[in-house]
Structures are given as C-alpha cells and as structure tokens.
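Here is how the chains run, residue by residue.
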Amino acid sequence: MIIYGTRASNIGNFEVSDSKCSYCNEGDTQRVSVFGRYFHIFWIPIFPIGKKAVAECTHCKRTIEQKEFSPQLKNQYQEIKKNAKRPFWHWLGIGLVGLFIALVLIAGLTAEKDPRKELLDRDESSMDFLPTMESDSISYKIKQVFDSFATDEINPSDFKYRTRIRDNKALILVQIPKLRNVEKEGRTEALEMIKIVTDSQKDLENKELYIGIKGLVTMMIVKTPTYEDNSKLAQTDKLYDFYGPKPMKEK
Ligand SMILES: [Zn+2]
C-alpha cells in the first residue's frame with residue numbers, strides 16, 4: 001500500500017492593516033497565516049503545490065478561509081504570498097531524485113573504461129569452430145574431448161574455441177551456445193573436460209589458467225587462479241587479469 005497525498009506546513013504569519021474583520025468590524029486586527037502545500041509519499045515531501053492561507057482576527061478570534069477573504073485582504077495576500085518562503089524540504093523528493101540522476105550521470109562520465117575489455121572482446125571474436133593442431137593445438141585437443149564426451153543435445157559442432165598463451169598465463173575460451181540449457185552439474189563437467197587437456201599439456205605446466213566458458217551471449221563459467229563461478233552470472237572481468245593489471249588512468 002502506498003500512502004500519498006498533499007500536506008501543508010505553516011510558512012509564515014503576517015499582520016495586515018487596512019482590513020476589517022467581517023465579524024467584529026475591528027480594523028487592523030487580522031493576521032494571515034500562510035501554508036505551503038506539498039505532495040507527499042509516505043509523509044516524505046516530494047514537491048510543492050501552491051500555497052493557501054487563513055486569516056484570524058486577533059480581536060474576536062474568528063478565522064476565515066481564503067475564499068472568504070475580502071477584496072482588500074485578497075490584494076494584501078498577493079503581496080504576503082511573495083514573502084512567505086518555503087523551506088527547502090518541501091522539494092526534498094524531487095531534489096533527491098535530481099541529485100541521484102546527477103550522480104549517476106557523473107559516475108557514467110567519469111567511469112574509467114578498462115582497456116582490457118577490448119582485448120578480451122577481440123579474443124572472444126576470434127573463437128573458432130575448427131581450431132587446427134597448427135593454429136591452436138590446445139583448443140584442438142579440447143575440441144576433441146568435447147566432441148567425444150559432450151552430449152549431442154548441446155551440439156558440440158556449435159562450440160567455438162580459442163586459447164592464448166602470454167608469459168606465464170594461459171587464456172582458454174570455449175563457447176557453448178546451448179550452455180544455458182545445461183544443469184549446473186553438467187556445466188561443471190564442461191570445466192572438467194577442459195581440465196583433462198590442460199592437466200596433460202606441457203605447454204601449460206606452471207601457467208596460471210584463465211578459463212572462460214561462454215553461453216550464447218555471456219560468460220557463464222569463469223575460473224581464474226583467484227576466482228571461480230558457475231552461476232550463469234560469472235564475472236567476465238575476472239578474466240581481464242590475463243592481460244595484466246589494469247593500466248593506470250593517464251593524466
Ligand atoms: Zn474580529
């Protein structure tokens with residue numbers, strides 16, 4: 001249930017002259033109280049919506065609403081209204097929303113782009129259906145394992161592969177477009193199939209392994225020396241360390 005509506009708070013009291021009370025006929029006895037109305041949600045002021053006023057006679061204590069004001073009092077009220085300033089909190093809601101939008105925009109503009117993302121994107125786009133022994137021997141062997149052991153349901157012929165070795169690190173990328181259809185345990189098996197190859201490769205001895213298994217669109221399994229996730233929401237950026245530490249922003 002959302003509770004919303006309008007509320008008002010007193011934002012000023014003014015003595016008026018040249019105005020007679022319509023009840024007791026005394027002059028210069030009326031006092032106008034101005035209220036600032038605002039829209040609220042759960043009693044939190046969101047934005048202001050107009051002002052209203054009541055006049056009280058200091059002599060007979062009768063109060064009249066704005067619609068009962070005499071023409072003179074109405075005129076005076078137009079002047080009074082300008083001097084009745086709202087407190088800032090009547091704008092609290094839209095102020096906070098505006099501030100939030102501004103912060104998001106500033107954060108977006110100043111967020112550092114990680115140049116390693118481009119490198120990974122490039123390697124992902126170079127994944128190949130048919131790696132050869134000459135071009136990419138590790139991928140070639142991983143493909144052999146998948147072709148032998150992966151179930152036909154997930155179409156091993158749709159898989160793509162790419163392995164890169166750089167200094168003491170190796171990046172192993174496999175794309176399994178139907179990975180989303182596989183249960184978590186099945187996805188773990190995919191990782192184990194890759195391990196069969198990586199454990200037996202001389203080229204990969206003592207290398208830090210950065211393994212990414214991509215579904216149709218995003219990385220679903222990521223395993224690095226410091227991170228492992230198989231939750232369909234694996235953090236792709238954990239693979240960036242393959243390319244080295246994040247470069248410092250140039251000034
Ligand atoms: Zn009066």
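Right above here is the structure, for reference.
Quick caveat, the model's predicted, so the values are computed rather than measured.

Visitor: I'd like a description of the overall build of the protein chain, backed by residues and values.
Guide: Helix and strand counts for the protein chain come out as five helices and nine strands. Against the 2.2 N^0.38 benchmark of 18 Å for 251 residues, the protein chain shows a C-alpha radius of gyration of 36 Å, more extended than a compact globule. Overall, the C-alpha framework of the protein chain stretches about 105 × 45 × 25 Å when taken along its three principal axes. In the protein chain, which comprises 251 residues, the proportion classed as buried is 36%.

Visitor: Can you lay out the layout of surface pockets for me, pointing to particular residues and giving the numbers?
Guide: Taking a probe equal in size to a water molecule and rolling it over the atoms shows the remaining empty space. By volume, the largest pocket amounts to about 240 Å³. What lines the largest pocket is a set of 16 residues, among which A150, T151, I154, V182 and G186 lie closest to the centre. Among the elements of the structure, α4 (137–149) and α5 (184–200) are those that each provide at least two residues to the lining of the largest pocket. No other element matches α5, which puts five residues into the lining of the largest pocket. Split into classes, the residues belonging to the lining of the largest pocket amount to 10 nonpolar, three polar and three charged. Considering only enclosed or pocket space, the second largest pocket measures out at about 150 Å³ in volume. Looking at the second largest pocket, the residues that line it are K195, T198, D199, L204, K207, L209, I211, K223, T224 and P225. Of all the secondary-structure elements, those providing two or more residues to the lining of the second largest pocket are α5, β7 (208–214) and β8 (219–224).

Visitor: Tell me about the sheet that holds strand β1 (residues 4–15), and name the residues and values.
Guide: Judged by pairing direction, the sheet is antiparallel, and its four strands sit side by side in the order β1-β2-β3-β4 without closing on themselves. Two strands close off the open sheet at either side, each with one partner strand: β1 and β4 (63–65). The sheet shows a mean angle of 30 degrees between the axes of neighbouring strands, taken without regard to direction. As paired elements, β1 and strand β2 (residues 30–41) share 11 bridges and run antiparallel to each other. Across the sheet, T6 pairs through a bridge with F39, a residue of β2.

Visitor: If you had to explain the sheet that holds strand β5 (residues 160–166) to someone new, which residues and values would you point to?
Guide: What the five strands build is an open sheet, ordered β5-β6-β7-β8-β9; its pairing is mixed. A single partner strand is all that each edge strand has here, and the edge strands are β5 and β9 (227–229). When the angles between neighbouring strand axes are averaged without regard to direction, this sheet yields 15 degrees. The sheet contact formed by β5 and strand β6 (residues 169–175) spans seven bridges and is antiparallel. Within the sheet, the bridge partner assigned to I165 lies in β6 and is A170. Sheet contacts for α5: β6, β7, β8 and β9; angle to β7, the most-contacted strand, approximately 140 degrees.

Visitor: Give a description of the packing of aromatic side chains that names residues and reports values.
Guide: All chains considered together, the criterion is met by nine aromatic pairs. A ring pair is formed by F69 and Y77, whose centres lie 6.1 Å apart and whose planes are at 85 degrees; its orientation type is edge-to-face. For the pair F69 and Y77, one class covers both residues: buried. In this structure an aromatic cluster arises from ring pairing among Y4, F39 and F47. Across from the ring centre of Y23, 4.2 Å away, lies the NZ or CZ of R62, which sits over that ring. Over the aromatic face of F129 sits the side chain of K160, whose NZ or CZ is 5.2 Å from the ring centroid.

Visitor: Describe in detail the coordination of the zinc ion, supporting the description with residues and values.
Guide: For the zinc ion, the full set of protein donor atoms is C21 (SG), C24 (SG), C57 (SG) and C60 (SG), and the range of their distances to it is 2.2 to 2.4 Å. For the zinc ion, the four donor atoms in the first shell make angles of 103 to 116 degrees at the metal, a pattern classed as tetrahedral. In primary-sequence terms, the residues that donate to the zinc ion follow C-x2-C-x32-C-x2-C. Of this pair, C24 sits in the loop between β1 and β2 while C57 sits in strand β3 (residues 44–57), and the two are 33 residues apart along the sequence.

Visitor: I'd love a proper account of unusual backbone geometry, names of residues and values included.
Guide: The phi torsion at W43 lies on the positive side, around 65 degrees, for a residue other than glycine. Tracing the chain through its elements places W43 in the loop between β2 and β3. W43 gets classed as partly exposed once you look at its relative accessible area, which sits at 45%. Of note in the backbone geometry, K61 takes a positive phi value of approximately 70 degrees without being a glycine.

Reading guide: rules and limits
Residues numbered from 1 in each chain as written. Predicted model: local features only at pLDDT ≥ 70, side-chain atom pairs only at ≥ 80, totals over all residues. Heavy atoms only, no water. Helix = DSSP H or I, 4+ residues; strand = E, 2+ residues; numbered from the N terminus. Rg over C-alpha atoms; globule rule 2.2 N^0.38 Å. Buried < 20%, exposed > 50% of the residue type's maximum accessible area, 1.4 Å probe, protein only. 1 Å grid on protein atoms, 1.4 Å probe; cavity = no way out; pocket = protein on both sides within 12 Å on 5 of 7 lines; lining within 4 Å. Points joined across faces, edges and corners; volume = space filled by probe spheres on them. Nonpolar A, V, L, I, M, F, W, Y, C, P; charged D, E, K, R; others polar. Pairing = 2+ DSSP bridges. Axes fitted to C-alpha atoms, helices over the stretch in contact; angles between N-to-C directions. Contact = heavy atoms within 4.5 Å. Phe/Tyr/Trp six-rings, centres within 6.5 Å; stacked < 30°, edge-to-face > 60°. Lys NZ or Arg CZ within 6 Å of the ring centre and 35° of its normal. Donors = N, O, S within 2.8 Å, 3.2 Å for Na, K, Ca; no water. Tetrahedral: all angles 85-135°; square planar, octahedral: opposite > 155°, others 65-115°.

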